[in-house]
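Listed below are the residues making up each chain.
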Amino acid sequence: MRRKSPYWWLFPVLASAGMGASAADLQGIRLIEDDSGTRVELALAGTADYKVFNLQNPERLVLDLQASRLAPGFQVPAPTGIVANVRTGMPAPGTLRVVFELGRAAPAHSRIEKEGAQSRLVLEFAERRPAMLVSEAPSVALEKTIASLAAAELPSAPTLAVEPFAEPVSEPVAGISTADTPAARAPARTVQDVIGSGQRKLVVAIDAGHGGKDPGALGPSGVREKAVTLAVARELARQINADPGMRAVLIRDGDNFVQLKDRYMKARSAQADLFISIHADASPNTTASGASVYVLSTRGASSQAARWLADQENAADLVGGVSLDHKDHNLAAVLLDLSQSATMRASDDIANQVLGSLKNVGKAHKPSIERANFVVLRSPDVPSMLIETGFITNASEEKRLNDPGYRARLATAITTGVRRYFSEQAPPGSWYASREDLRPASRMHLVSRGETLSLIAVRHGVGVESIREANRRQGDTVRVGESLTIPLLASAPK
């Protein structure tokens, strides 16, 4: 049974010109995040009665627009700030419902702004955020301080109790097993498995999106996103566990609800080397198709870093085992900034490898990785990505996502991308680091928006001429989504 938000009395509101208003088309939604918080702007052609209310477990803000509909070409905006997802529907004839899935409970204030025949409905989530204090690199003396702190304060590794599968998936769909699958579950062992002479397995945390009371998106024939994501996650875990150098940890292994923040915190508790969140996309455009891979946006990273610094409870053991408690705030900010920058670079590299592999299974929705402020990607010290396996609202893709064979191919593509990254950039002390025979002579780079050939060369530590030669090209022009071969044995840039 859903409980009302304690703020429910704030929200039932009528637009000033709403009584008896004519039909209004919802033309678009903008999500804006700044230092004051997250703001939602809805562009309306005309005016409409509306009401806003909160729902809990999970946290949502629901907007009902009376006598309204979606305008042709309407697009769901990418998540940002406190808004983790946006969904639309028609709960009753003539009522357009917009649901904002939230990263946490938060009150909102609403108002209507008139511009002739147009209206803008504004929803504001007020958030107070401390400012990040670091914008430049640390000095040599500070680098020495960081090194001494890192050497002196590393705690012993904790152990992780992996949650057992406790209940079957409710309302199963065709092709998705609800049985407890031991091969898919991560064994309840210590956090870091040790192989042979001290070489550890790399821990991959796999997060099946939604679950329990949160079913996620719904396909045309009734396939639920939460069931698809769990099936893909289990198959991915099975393939990861079959690799001699990796071990999988499932964030959820049943039809249970896990808070967004708890998902990446479980990955951190497991001392994961990588966090992968599995989802299935949705769109009012039923022809939208293709897989997508997301990493955290820079804006989301900086705002979350500020929260970490302000939260004393979560500040300890954050950066490579260095406690941030009782440290000068500037030093703590530098430590966190360095860790997060390295984490985001690693996230980009792994996501590029995975997207390249997914293109071998089917089309990609966008040619390059995308960036958004998803809550589950906000861990500052675990490389993270969110994979939209396809559009469940597309009948053809819904059918494929409900096919165990197709899900196995998806999992294979993801595993291949992860394995390729760890072979190229193996963490010290890992099984992959000990296998020189696995190290390739080159790596793949997918060009993202804003990148140039010289920037790509600097990032990978090779010369521009080496990249030109490896790709048999003479000019320096690159295209978004283009795949470049990066020679790993090339000479350093001059």
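Predicted model only: the values in this text are computed from it and were never measured.

Q: I'd like to hear about the overall build of the protein chain, residue by residue, with values.
A: Scanning the protein chain from terminus to terminus reveals 10 helices and 19 strands. Across the 494 residues that make up the protein chain, the buried fraction comes to 51%. Contacts spanning at least 24 positions in sequence make up 73% of the contacts within the protein chain whose residues lie at least 6 apart.

Q: Describe the side chain of Lys226, listing the residues and the values that go with them.
A: Here Lys226 is to be found in helix 2 (residues 225–242). You can call Lys226 buried: its relative accessible area is 3%.

Q: Lay out the pairing of strand 3 (residues 50–55) in plain terms, naming residues and giving numbers.
A: Bridge analysis of strand 3 against strand 4 (residues 60–66) gives 6 bridges, and the strand direction is antiparallel. Within strand 4, the position partnered with Asn54 by the bridge is Leu61. In textbook terms, the turn of a hairpin is the stretch between consecutive antiparallel strands, and for strand 3 and strand 4 this stretch comprises 4 residues, one of which, Asn57, has a positive phi near 55°.

Q: Can you break down the side chain of Arg60 residue by residue, with the values?
A: Following the sequence through the fold, Arg60 ends up in strand 4. Among buried charged residues, Arg60 stands out as having no salt bridge; its nearest opposite-charge side chain is Asp214, 6.7 Å away. Of the polar contacts made by the side chain of Arg60, one reaches the backbone oxygen of Gln56; its length is 3.2 Å.

Q: Now, about the packing of aromatic side chains: what can you tell me, with residues and values included?
A: Any two aromatic rings considered together are summarised by their centre-to-centre distance and by the angle between their planes. Under the criterion given, the structure shown has 4 aromatic pairs. On the basis of an interplanar angle of 85° and a centroid distance of 5.2 Å, the ring pair of Tyr294 and Phe374 is categorised as edge-to-face. You can see Tyr294 sitting in strand 15 (residues 292–296) and its partner Phe374 sitting in the loop between strand 16 (370–372) and strand 17 (384–391), a full 80 residues away along the chain. Exposure remark for Phe374: the relative accessible area of 8% places this residue in the buried category. Feature note: the residues Tyr421, Phe422, Trp431 and Tyr432 constitute an aromatic cluster, connected by ring pairs.

Q: Can you explain the environment of Met246? Please cite residues and give values.
A: With respect to the helices and strands, the residue Met246 is situated in strand 13 (residues 246–250). Given the relative accessible area of 0%, Met246 is considered buried. Residues within four places of Met246 in sequence aside, it is in contact with Lys201, Leu202, Val204, Ile240, Asn241, Thr415, Val418, Phe422 and Tyr432.

Q: Report on the packing of helix 2 against helix 8 (residues 404–424), specifying residues and quantitative values.
A: Closest axis-to-axis distance for the helix 2/helix 8 pair is 9 Å, and the angle between their directions is 50°. Put simply, helix 2 runs oblique to helix 8. Of the two elements, helix 2 crosses helix 8, and the hand of that crossing is right-handed. Here Val228, Ala231, Val232, Glu235, Leu236, Gln239 and Ile240 of helix 2 come into contact with helix 8, specifically with Arg407, Ala408, Ala411, Thr412, Ile414 and Thr415. Across the contact of helix 2 with helix 8, the residue classes break down as 8 nonpolar, 3 polar and 2 charged.

Q: Which residues make up the sheet that holds strand 7 (residues 95–102), and what values do they have?
A: Spatially, the 4 strands line up as an open sheet ordered 3-4-7-6, and their pairing is antiparallel. Edge positions in the open sheet fall to strand 3 and strand 6 (83–92), since each of these has one partner strand only. Between one strand axis and the next, the sheet turns by 20° as a mean value, whatever way the strands run.

Q: Describe the sheet that holds strand 17, and please don't skip the residues or the numbers.
A: The strand order across the open sheet built from 6 strands is 13-12-14-17-15-16, with neighbouring strands paired in mixed fashion. Because the sheet does not close on itself, it has two edges, and the strands there are strand 13 and strand 16. Averaged over all adjacent pairs, the angle separating strand axes in this sheet is 30°, with direction ignored. Against the sheet, helix 2 touches strand 12 (202–208), strand 13 and strand 14 (274–281), its axis set at about 155° to strand 13.

Q: Please set out the pattern of salt bridges residue by residue, giving values where relevant.
A: Summed over the entire model, instances satisfying the criterion amount to 21 salt bridges. Note that Asp381 is salt-bridged to Arg268, the shortest N-O span being 2.8 Å. Here Arg268 lies in helix 3 (residues 260–269) and Asp381 lies in the loop between strand 16 and strand 17, a separation of 113 residues in the sequence. The class of Arg268 is buried, set by a relative accessible area of 17%. Here Arg473 makes a salt bridge to Glu482, at a shortest N to O gap of 2.6 Å.

Q: Before we move on, could you go through unusual backbone geometry and cite the residues and values that matter?
A: Non-glycine residue Gln271 carries a positive phi angle of around 55°. Positive phi, normally seen in glycine, also occurs at Arg472, with a value near 50°. Checked against the element boundaries, Arg472 lands in the loop between helix 10 (464–470) and strand 19 (483–487). Under the relative-accessibility criterion, Arg472 is labelled exposed at 81%.

Q: Provide a residue-level description of the nonpolar core, including the pertinent values.
A: Counting 45 residues, the largest nonpolar core has Ile206 and Ile276 as its most contacted members. Elements supplying a minimum of two residues to this core: strand 12, helix 2, strand 13, strand 14, strand 15, helix 6 (329–358), strand 17 and helix 8. When residues in this core are grouped by element, the largest group, 8 residues, is from helix 8. Aside from chain neighbours lying at most four places away, what touches Ile276 is Val204, Ala205, Ile206, Asp207, Leu236, Met385, Ile387, Ile414 and Val418. By size, the runner-up hydrophobic cluster in this structure holds 24 residues, among which are Ile29, Leu31, Val86 and Leu96.

Rules used in this analysis
- Residues numbered from 1 in each chain as written.
- Predicted model: local features only at pLDDT ≥ 70, side-chain atom pairs only at ≥ 80, totals over all residues.
- Heavy atoms only, no water.
- Helix = DSSP H or I, 4+ residues; strand = E, 2+ residues; numbered from the N terminus.
- Buried < 20%, exposed > 50% of the residue type's maximum accessible area, 1.4 Å probe, protein only.
- Contact = heavy atoms within 4.5 Å.
- Pairing = 2+ DSSP bridges.
- Lys, Arg positive; Asp, Glu negative; His and termini not counted.
- Salt bridge = Lys/Arg side-chain N within 4 Å of Asp/Glu carboxyl O.
- Polar contact = N/O pair within 3.5 Å; in protein donor to acceptor, adjacent residues only side chain to side chain.
- Phe/Tyr/Trp six-rings, centres within 6.5 Å; stacked < 30°, edge-to-face > 60°.
- Axes fitted to C-alpha atoms, helices over the stretch in contact; angles between N-to-C directions.
- Parallel < 35°, antiparallel > 145°, perpendicular 65-115°, else oblique.
- Left-handed = near helix turned anticlockwise from the far one by under 90°.
- Nonpolar A, V, L, I, M, F, W, Y, C, P; charged D, E, K, R; others polar.
- Core = buried A, V, L, I, M, F, W, Y, C linked by side-chain atoms within 4.5 Å.

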